[in-house]
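The lines below spell out each chain.
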Amino acid sequence: MSHQTPPDSSCLDLWREKNDQLVRQVKVAQDSGLSLRRQQLAQDALEGLRELLCSLQGLPAAVAVLPLELTVTCNFIILKTSVAQGFTEDQTQDIQRGLERVLETQEQLGPRLERGLMELWDSVLHASSLLLDLLPALHRLAGLQAALWLSTDHLRDLALLLQTLNGSQSGSSEDLLLHLKTWSPPAEESDAPLTLQDARGLRDVLLTAFTYRQGLQELIIGNLPKALSSLHEAASGLCPRPVLVQVYTALGTCLRKMGNPQRALVYLVEALKGGSALGPPLLEASRLYQQLGDTAAELESLELLVEALSVTHSSEAPQLLIEVELLLPRLDPALPLHCGTQSQAKHLLASRCLQTGRAEDAAEHYLDLLALLLDGSEPRFAPPPSPPGPCMPEVFLEAAAALIQAGRAQDALTVCEELLSRTSFLLPKMSQLWKGARKGTKGLPHCPLWVSATHLLQGQAWVQLGAQKEAVSEFSWCLELLFRSTPEDKEQGAASNCEQGCKSEVALQQLQAAALISRGLEWVACGQDTKALQDFLLSVQMCPGNRDASIHLLQTLRRLDRRDEATALWWRLEAQTKLPQKDTTWSLPLYLETCLSWIRPSDHETLLEEFRTSVLEPRGL
């Protein structure tokens, strides 16, 4: 045992009184309604605790002082973490220094470099069996260590620490929830120094944070029954209202994916009662209504989401304690609870209006979105703020498509001209950009699509305005860019086989087909079937799987009375319908899907049936 002489009782009383005074100051700060006063009181208390801890640790470690010293250490770590809104490496060092001070009193402190943190805990908890007065403070420090390890995903270390605290010799990180529930910190003595947060309070925070984190992880990987169980556990624990909103939203997501929309809706309604953080439950509600086919409710949810994200809510000041929120992972865009920005929500609303046939609403939402993005704060080509978000040029193209769909061709031309003015500087580099598009490289790999698609949409706008000459010119310019810039070699390396490269290749083929069909239809409109035939033939060659191109070709062959070729093509179409359909996991850009819908033959089934009759009749005679 150490033979150091402990400080006299008067010093100990002064130090204790100083600790208690600082804890009371923190509680006054917490209750203060003025943020500046609250912040100043908290900073003053933090500095006071730092100075007090330096005074205590400046003396040789003594068993009589250790309960107070560890209490001050815990109060300092709690306040420091709360003010910083997260753990840092400094807190690890503060915990390590506290453990070393315990071992100094037992003359067990070996060379620092040879001991890891878990080894220190093993030694300290073994020594504490001889120092019963230290147990409450050590369990409090262990709670802070557990919170730090949970927040940094050191679950194995956390499980080992809890096993040691519980006196268990077996178990693993999979039993972490059981270890947390089994952990029973000793009660604080009534005359003990004041603390900001006791070990039992920390344990309750850890239980909620761990079960919520576990539920989110299971939800992401698709293990829905386990996710549901963990999220229910989190909701039943010490769950502050902001966290409860998140938990209810996650439960709604989980139940929707499990095919229980009505139960999901109950939790989402509860989440929406939770205050200001309405974004995630509103986004999830829109997904739920989309799954149910209730388009009106889906769009209403998205409108409310846009409104919610446009308002800056003053969140409640966090407690000056270790709270559940501090132990949760940052919301990643890939997580189901990420609701994105106002512009992303506005884009989702606009695109869903366009997809569900509400063209007038879509056009207005897209124009609002462009105004939002072009207020001067956005760069010329802003990358998507998160994976689901659109690139700026794609917003322009979708806006133009929506305006054409809504019968506002002149406005669509204005939007297209604006986009071309922003992409004109890239035209000399088109050949290199095409290679990048085929390889799926970073940078501006889709620029060739954007520029060519802009001319395609301009052509469609001129079609709507009845300007046939201008429409044909735009379609031809689109095709010239496509054929002039497309490299002859197909880049058959591994890079061209990646998913991004395949997506670009499919989109390019469909864009070529759309331009050829669009120009061919203009030739048909002015009675030039021979020119139309050339474009339709090319479109079938460029995109063999495009059924619309084949039907337009069939109609043209029939008008030109090229019966044998028409019959051969009809038989090929008949054979294709009997083949299993390819399940492609890729979707075309929305602006291209919309454009393709305009050139789809409306009476193709009637045409094919007429052909069936005319082809089979001679055989029956």
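Structural data are supplied above this passage.
Residues numbered from 1 in each chain as written. Predicted model: local features only at pLDDT ≥ 70, side-chain atom pairs only at ≥ 80, totals over all residues. Heavy atoms only, no water.

Chemist: Is there a simple way to explain the packing of aromatic side chains in this structure?
Modeler: Geometry of an aromatic ring pair is reported as the spacing of the ring centres plus the angle between the planes. The final tally for this structure, using the stated rule, is two aromatic pairs. Ring centres 5.6 Å apart and planes at 45 degrees place the aromatic pair Tyr248 and Tyr267 in the tilted group. Of this pair, Tyr248 sits in helix H11 (residues 241-257) while Tyr267 sits in helix H12 (residues 261-272), placing them 19 residues apart in sequence. Residue Tyr248 is classed as buried on the basis of its relative accessible area, which comes to 16%. Look at Tyr267 and you get buried, because its relative accessible area is 18%. Considering the side-chain rings of Trp570 and Trp571, the 4.7 Å spacing of their centres and the 70 degrees angle between planes classify their relative orientation as edge-to-face. Trp570 gets classed as buried once you look at its relative accessible area, which sits at 1%. Residue Trp571 is classed as partly exposed on the basis of its relative accessible area of 35%. We note Lys531 situated over the ring of Trp523; from NZ or CZ to the ring centre the distance is 4.5 Å. (Phe/Tyr/Trp six-rings, centres within 6.5 Å; stacked < 30°, edge-to-face > 60°. Helix = DSSP H or I, 4+ residues; strand = E, 2+ residues; numbered from the N terminus. Buried < 20%, exposed > 50% of the residue type's maximum accessible area, 1.4 Å probe, protein only. Lys NZ or Arg CZ within 6 Å of the ring centre and 35° of its normal.)

Chemist: What's the story with the environment of Ala453 in this structure? I'm lost.
Modeler: Positionally, Ala453 belongs in helix H20 (residues 447-464). The exposure class assigned to Ala453 is buried, which follows from its relative accessible area of 1%. It is 9.8 Å that separates the C-alpha atoms of Ala453 and Leu482, two residues lying 29 residues apart in sequence. Ignoring anything within four residues of it in the chain, the contact list for Ala453 reads Leu397, Leu511 and Tyr591. (Contact = heavy atoms within 4.5 Å.)

Chemist: Just to check I follow, could you spell out the nonpolar core for this structure?
Modeler: In a soluble, globular protein the nonpolar side chains are often hidden away together inside. Judged by nonpolar contacts, the single largest core of 96 residues is most densely connected at Trp121, Tyr212 and Leu327. Setting aside residues up to four positions removed in sequence, Tyr212 forms contacts with Leu231, Ala234, Val243, Gln246, Val247, Ala250, Leu328 and Leu337. If you look at the next biggest cluster of nonpolar residues, it comprises 85 residues, including Ala399, Ala400, Ala471 and Leu590. (Core = buried A, V, L, I, M, F, W, Y, C linked by side-chain atoms within 4.5 Å.)

Chemist: Would you explain a negative patch on the surface in this entry?
Modeler: A grouping of Glu300, Glu303, Glu360 and Asp361 is seen on the molecular surface, where their side chains present a negatively charged patch. Elements represented by at least two residues in the negative patch include exactly helix H14 (295-310) and helix H16 (359-373). Its location among the elements puts Glu300 in helix H14. (Patch = residues over 30% accessible without salt bridge, like charges linked within 9 Å, V, L, I, M, F, W, Y side chains within 5 Å. Areas by Shrake-Rupley, 256 points an atom, 1.4 Å probe, with all protein chains shown as cover. Salt bridge = Lys/Arg side-chain N within 4 Å of Asp/Glu carboxyl O. Lys, Arg positive; Asp, Glu negative; His and termini not counted. Charge placed at Lys NZ, Arg CZ, Asp CG, Glu CD.)

Chemist: So what exactly am I meant to see when it comes to the pattern of salt bridges here?
Modeler: Here the idea is simple: oppositely charged side chains can pair when their charged atoms come close. Scanning the entire structure with this criterion turns up 25 salt bridges. Of the charged contacts in the structure, one is a salt bridge between Arg287 and Glu284, with a shortest N-O distance of 3.4 Å. Here Arg287 and its partner Glu284 are both found in helix H13 (residues 279-292), three residues apart, which amounts to about one turn of the helix.

Chemist: What am I meant to see in unusual backbone geometry here?
Modeler: Negative phi characterises most residues that are not glycine, and trans characterises most peptide bonds. Of note, the phi angle at Gln85 is positive, near 55 degrees, even though the residue is not glycine. Structurally, the position occupied by Gln85 is in the loop between helix H3 (66-84) and helix H4 (89-105). Despite not being glycine, Asp561 has its phi angle at roughly 60 degrees, a positive value. Looking at where Asp561 falls in the secondary structure, it is placed in the loop between helix H24 (547-559) and helix H25 (563-578).

Chemist: How should H14 be read in this particular structure?
Modeler: Three or four residues apart is the spacing at which side chains of an α-helix point the same way, because the helix has 3.6 residues per turn. Between its first and last C-alpha atoms H14 spans 23 Å; for 16 residues at 1.5 Å apiece the expected length is 22 Å, and the two agree. Packed against the buried residues of H14 are H13 and helix H15 (342-355). (Expected span 1.5 Å × (residues − 1).)

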